[in-house]
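A closer look at the structure
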Amino acid sequence: GWCPLSPTGAQTTQLLVQPPWRPAVLWDRVTLTCQGSGTAGATTWYKDGQRWGKEGSDHFTVTESGTYKCERPGTGLSPDVRVLEDPLVLQVPARALLEGDTVTLRCRR
């Protein structure tokens with residue numbers, strides 16, 4: 001038998017953060033973008049575990065602190081993204097990090 005390189009089950013919904021640092025902070029004017037297969041504009045947004053009124057839009061600028069995720073037909077729910085209002089925060093790049101990677105940390109206030 002053979003194994004496809006990109007089986008359908010491996011597709012996931014991603015929630016992109018701009019600027020690309022985590023945890024995200026409200027005073028950075030954070031934009032969240034939901035990416036996944038399926039119909040454009042069919043995104044469902046959740047804030048703090050509750051369905052949230054940004055229906056249909058694939059991206060928006062955050063105006064409230066909280067925990068956000070999105071859902072796209074066919075690829076399901078994204079991982080959570082926290083947006084904080086903290087006056088002091090230690091940030092890491094918003095990308096997958098592996099053991100041995102050199103990482104730049106940012107202390108922001």
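Residues numbered from 1 in each chain as written. Predicted model: local features only at pLDDT ≥ 70, side-chain atom pairs only at ≥ 80, totals over all residues. Heavy atoms only, no water.

Per an unreviewed UniProt entry, the protein goes by the name FCGR3 protein and belongs to Cettia cetti.

**Thoughts on the sheet that holds strand 4 (residues 31-35)**
Spatial strand order, 1-4-7: three strands in an open sheet with antiparallel pairing. Two strands close off the open sheet at either side, each with one partner strand: strand 1 (14-18) and strand 7 (59-61). Averaged over all neighbouring strand pairs, the angle between strand axes comes to 20°, with direction disregarded. Pairing between strand 1 and strand 4: five bridges, direction antiparallel. Directly across from Gln18, in strand 4, lies its bridge partner Thr31. (Pairing = 2+ DSSP bridges. Helix = DSSP H or I, 4+ residues; strand = E, 2+ residues; numbered from the N terminus. Axes fitted to C-alpha atoms, helices over the stretch in contact; angles between N-to-C directions.)

**Some points on the sheet that holds strand 11 (residues 89-93)**
Either a parallel or an antiparallel arrangement is found when strands of a sheet pair, and the pairing is made through backbone hydrogen bonds. The sheet built from three strands is open, its strands ordered 2-11-12 with antiparallel pairing. A strand with exactly one partner marks an edge of an open sheet, and here the two such strands are strand 2 (21-22) and strand 12 (106-108).

**Re the pattern of salt bridges**
Under the criterion given, the structure shown has five salt bridges. Between Lys47 and Glu64 there is a salt bridge; the shortest N-O distance is 3.5 Å. Of this pair, Lys47 sits in strand 5 (residues 44-47) while Glu64 sits in the loop between strand 7 and strand 8 (66-72); the two residues are 17 residues apart in sequence, bridging distant segments of the chain. The class for Lys47 is buried, based on a relative accessible area of 12%. In this structure, Arg95 and Asp101 form a salt bridge, with 3.9 Å as the shortest nitrogen-oxygen distance. You can call Arg95 partly exposed: its relative accessible area is 45%. Taking the relative accessible area as the measure of exposure, Asp101 reaches 34% and is therefore partly exposed. (Salt bridge = Lys/Arg side-chain N within 4 Å of Asp/Glu carboxyl O. Buried < 20%, exposed > 50% of the residue type's maximum accessible area, 1.4 Å probe, protein only.)

**Focus on the environment of Pro73**
With respect to the secondary-structure elements, Pro73 resides in the loop between strand 8 and strand 9 (76-77). In this structure Pro73 comes out as partly exposed when scored by relative accessible area, which is 40%.

**Description of unusual backbone geometry**
Keep in mind that most residues, glycine aside, have a negative phi and that most peptide bonds are trans. Across the junction of Gln18 and Pro19, the peptide omega takes the value 0°, indicating a cis bond. The residue Pro19 is located in the loop between strand 1 and strand 2 in this model. In this structure, Pro23 follows Arg22 across a cis peptide bond, with omega equal to -5°. Relative to the assigned elements, Pro23 resides in the loop between strand 2 and strand 3 (24-25). With a phi angle near 50°, Arg29 is a residue other than glycine that sits in the positive phi range. Among the secondary structure elements, Arg29 is positioned in the loop between strand 3 and strand 4.

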